[in-house]
Amino acid sequence: HKSKTEAFVDKKSRSTEEEFFESEKHFFYKIIKDNQKILDVGCADGAMMIYCGLLGGGEVYGYDLNFDAIKKASEYLKKYNIKGEVRCGNAKNMDFPEEYFDKAISSDFFEHINDKDKVEIFREINRVLKHGGFLVIKTPNINWLRLSLFYKRLGAIVKFKKPFKIVIPHTYGE
């Protein structure tokens, strides 16, 4: 019988977030404690937020601009009976009280925004984090992305498929 985490991973297509989670599971176990509130900034469909909830985070919250992604994340919260919520809005002005969260995470988000917005979002995350809380940021490694894209395209050529229709999730196609 599969755990909730294994079932969640099986339901999603293999992506950079899942590969990261599998390789860094020990890291999540160290930062996630029971009865803590965790914020996922730029949560998209909530994958990282759900992982945190499944691993024992007390409450998980997500924030993203994309309404469709928020809707999917909300469905996952209900499906896996995880306490928390997702909200749609701009991370520069989140509608949470000061010092509300114990920890914050952000996965594959900050590389898509300009420096001015990053500063404003960091200030806002600092505002909603409790004293002593911290933010964990995951961004893709450009060399890994290039190598991965090369091998995926090579695999497409071998299968007589068009190699330039392949993109890596969370990156722009060429």
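Predicted model, so just to flag it, every value in this text is computed and none were measured.

Engineer: Mind showing me how you'd approach the side chain of D64 here?
Structural biologist: Counting through the fold element by element, D64 comes out in strand β2 (residues 59-64). Residue classification places D64 among the buried positions, given a relative accessible area of 13%. Among the polar contacts made by the side chain of D64, one reaches the main-chain amide nitrogen of C43 at a distance of 3.3 Å. With near-sequence residues (within four places) excluded, D64 lies in contact with G42, C43, A44, I70, R87, C88 and G89.

Engineer: Whenever I open this one, the sheet that holds strand β5 (residues 129-138) confuses me. Can you help?
Structural biologist: Pairing between sheet strands relies on hydrogen bonds along the backbone, with the strands arranged either parallel or antiparallel. The sheet built from five strands is open, its strands ordered β3-β2-β1-β4-β5 with parallel pairing. Bordering the open sheet on either side are β3 (84-88) and β5, each of which pairs with just one other strand. Ignoring which end each strand starts from, the neighbouring axes of this sheet average 15 degrees apart. Sheet topology places strand β1 (residues 37-41) next to β2; five bridges connect them, and they run parallel. Across the sheet, I38 pairs through a bridge with V60, a residue of β2. Where helix α4 (residues 47-54) meets the sheet, its contacts fall on β1, β2, β3 and β4 (101-107), and the angle it forms with β2 comes to roughly 175 degrees. Packed onto the sheet, helix α5 (residues 67-79) meets β2 and β3 and runs at close to 175 degrees relative to β3.

Engineer: I tried to follow the pattern of salt bridges on my own but got confused; where do I start?
Structural biologist: Two side chains bearing opposite charge may form a pair once their charged atoms approach each other closely. Per the counting criterion, the structure on display carries nine salt bridges. Between E120 and K116 there is a salt bridge; the shortest N-O distance is 3.1 Å. You can see E120 and its partner K116 sitting in helix α6 (residues 115-128), four residues apart, about one turn around the helix. Using a relative accessible area of 27% as the deciding quantity, one classes E120 as partly exposed. Among the ionic contacts, a cluster of salt bridges with common partners joins E85, R87 and D95.

Engineer: Would you explain the environment of D45 in this entry?
Structural biologist: One can find D45 in the loop between β1 and α4. Within the structure, the side chain of D45 is placed 3.3 Å from the backbone nitrogen of A47, a separation counted as a polar contact.

Engineer: Which parts of the structure should I look at to understand unusual backbone geometry?
Structural biologist: Glycine aside, the phi torsion of most residues is negative, and most peptide linkages are trans. Phi is positive for E99, close to 50 degrees, though the residue is something other than glycine. Although it is not a glycine, F160 sits at a positive phi angle of roughly 60 degrees. Take F160: it is sitting in the segment after α7 (142-158).

Engineer: Any chance you could explain α4 here in plain terms?
Structural biologist: Each turn of an α-helix holds 3.6 residues, which means side chains three or four residues apart point in the same direction. For α4, the tally of buried residues reaches eight of eight residues, placing the bulk of the element in the interior. For α4, the complete set of buried residues consists of A47, M48, M49, I50, Y51, C52, G53 and L54. Among the residues trailing α4, G56 stands out with phi positive, at a value near 115 degrees.

Engineer: What should I look at first to understand the nonpolar core in this one?
Structural biologist: The nonpolar side chains of a soluble globular protein tend to be buried with one another. By size, the foremost hydrophobic cluster in this structure holds 21 residues, and its most contacted members are M49, I50, V60, L77, I82 and V86. When contributions to this core are tallied by element, the ones reaching two or more residues are α4 and α5. Element by element, the count of residues in this core is highest for α4, at seven residues. Residues contacting V60, with those up to four places away along its chain left out, are I38, M49, C52, G53, L77, I82, K83, G84 and E85. Grouped together as the second largest cluster of nonpolar side chains are 16 residues, Y61, Y63, M94 and F109 included.

The rules we used
Residues numbered from 1 in each chain as written. Predicted model: local features only at pLDDT ≥ 70, side-chain atom pairs only at ≥ 80, totals over all residues. Heavy atoms only, no water. Helix = DSSP H or I, 4+ residues; strand = E, 2+ residues; numbered from the N terminus. Buried < 20%, exposed > 50% of the residue type's maximum accessible area, 1.4 Å probe, protein only. Polar contact = N/O pair within 3.5 Å; in protein donor to acceptor, adjacent residues only side chain to side chain. Contact = heavy atoms within 4.5 Å. Pairing = 2+ DSSP bridges. Axes fitted to C-alpha atoms, helices over the stretch in contact; angles between N-to-C directions. Salt bridge = Lys/Arg side-chain N within 4 Å of Asp/Glu carboxyl O. Core = buried A, V, L, I, M, F, W, Y, C linked by side-chain atoms within 4.5 Å.

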